[in-house]
Amino acid sequence: MDRGAEVDLQAAALIPEDYLPDIHGRLVLYKRISSTDTQAELHDLQVEMIDRFGLLPEPVKTLFSVTAIKQKAEKLGIKKIEANSGGGRIIFSSEPKINAEQLINLIQTQAQCYKFDGSDKLRFIKPFETTEQKIDFVVSLLDKLSIESE
């Protein structure tokens, strides 16, 4: 079954055993997180987890961020997002729902950072020191590519 966009930020995105020792409980939460459809549902689940188990450790925060990125990516018709310490790439589906003018503008005005790689890939060259920087950059890029840019 195709579960939408794939997001690989080369970071731990999981519920650690020391946060929630019960394996069944962890599996239930993974399923609930992956089946959320909106940022609001994701936020409510975060609040619930903090209420039940305490403040979220970094890998759980990353899991929620990655899930939020997946939701945005799916709406934009993006198949895959990869980011590592030196940059990454976005692979579009055959019919992406993005602001093409904005994409072309990015490539023309920031050629040192953005490049087309074939017909369906956008490569970005940018050093990242932390997972948080990768998340912020990818979220910002998806917002720029969004047709209903705020």
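Residues numbered from 1 in each chain as written. Predicted model: local features only at pLDDT ≥ 70, side-chain atom pairs only at ≥ 80, totals over all residues. Heavy atoms only, no water.

### Quick word on the overall build of the protein
Now for step 1: Looking only at helices and strands, one finds five helices and five strands in the protein.
Now for step 2: For the protein, whose C-alpha radius of gyration is 16 Å, the value lies close to the compact-globule estimate of 15 Å for 150 residues.
Now for step 3: In terms of overall dimensions, the protein has C-alpha extents of about 50 × 30 × 30 Å along its principal axes.
Now for step 4: A buried classification covers 36% of the 150 residues belonging to the protein.
Now for step 5: Long-range pairs, those at least 24 residues apart, make up 63% of the contacts in the protein between residues at least 6 apart in sequence.
Now for step 6: Surface accessibility of the protein: about 8,800 Å² in total, with carbon and sulfur atoms responsible for 52%.
Now for step 7: One finds the centroid of the 19 positive side-chain charges in the protein at a distance of 4 Å from the centroid of its 24 negative side-chain charges. (Helix = DSSP H or I, 4+ residues; strand = E, 2+ residues; numbered from the N terminus. Rg over C-alpha atoms; globule rule 2.2 N^0.38 Å. Buried < 20%, exposed > 50% of the residue type's maximum accessible area, 1.4 Å probe, protein only. Contact = heavy atoms within 4.5 Å. Areas by Shrake-Rupley, 256 points an atom, 1.4 Å probe, with all protein chains shown as cover. Lys, Arg positive; Asp, Glu negative; His and termini not counted. Charge placed at Lys NZ, Arg CZ, Asp CG, Glu CD.)

### Quick notes on the nonpolar core
Now for step 1: With 27 residues, the main nonpolar core has Ile-90, Tyr-114, Phe-124 and Leu-141 as its most contacted residues.
Now for step 2: Put simply, the parts of the chain that give this core at least two residues each are helix 3 (58-75), strand 2 (78-84), strand 3 (87-92), helix 4 (100-109), strand 5 (121-125) and helix 5 (131-145).
Now for step 3: Take this core: its biggest share by element is six residues, from helix 5.
Now for step 4: Leave out the neighbours within four places in its chain, and Phe-124 touches Glu-82, Ala-83, Gly-86, Gly-87, Gly-88, Arg-89, Ile-90, Cys-113, Tyr-114, Phe-137, Val-138 and Leu-141.
Now for step 5: Core analysis: the next-biggest nonpolar cluster, separate from the first, contains 13 residues, Ile-33, Leu-45, Leu-63 and Phe-64 among them. (Core = buried A, V, L, I, M, F, W, Y, C linked by side-chain atoms within 4.5 Å.)

### Focus: helix 3
Now for step 1: In this model, helix 3 (18 residues) spans 26 Å end to end at C-alpha, consistent with the 26 Å of a helix rising 1.5 Å per residue.
Now for step 2: In the core, the buried residues of helix 3 are packed alongside strand 1 (6-8), helix 1 (23-34), helix 2 (39-53), strand 2 and helix 5.
Now for step 3: With its phi angle positive at about 70 degrees, Gly-77 sits one or two positions after the end of helix 3. (Expected span 1.5 Å × (residues − 1).)

### Observations regarding helix 1
Now for step 1: Taking 1.5 Å as the rise per residue, helix 1 with twelve residues should run 16 Å; its terminal C-alpha atoms sit 16 Å apart, in good agreement.
Now for step 2: Listed in full, the buried residues belonging to helix 1 are Gly-25, Arg-26, Leu-29 and Ile-33. Within helix 1, the buried residues cover an arc of 100 degrees as seen down the axis, which keeps them to one side. Exposed side of helix 1, more than 90 degrees from the buried face: Ile-23, His-24, Leu-27 and Lys-31 are the residues found there.
Now for step 3: Contacts from the buried residues of helix 1 go to helix 2 and helix 3. (Arc of directions from axis to C-beta.)

### Here's the deal with unusual backbone geometry
Now for step 1: Positive phi outside glycine occurs at Gln-10, with the angle close to 50 degrees.
Now for step 2: Relative to the helices and strands, Gln-10 is located in the loop between strand 1 and helix 1.

### A word on a negative patch on the surface
Now for step 1: A cluster of acidic side chains, namely Asp-37, Glu-41, Asp-44 and Glu-74, defines a negative patch on the protein surface.
Now for step 2: For Glu-41, the location among the structural elements is in helix 2. (Patch = residues over 30% accessible without salt bridge, like charges linked within 9 Å, V, L, I, M, F, W, Y side chains within 5 Å. Salt bridge = Lys/Arg side-chain N within 4 Å of Asp/Glu carboxyl O.)

So yeah, pure geometry; function would need other evidence.
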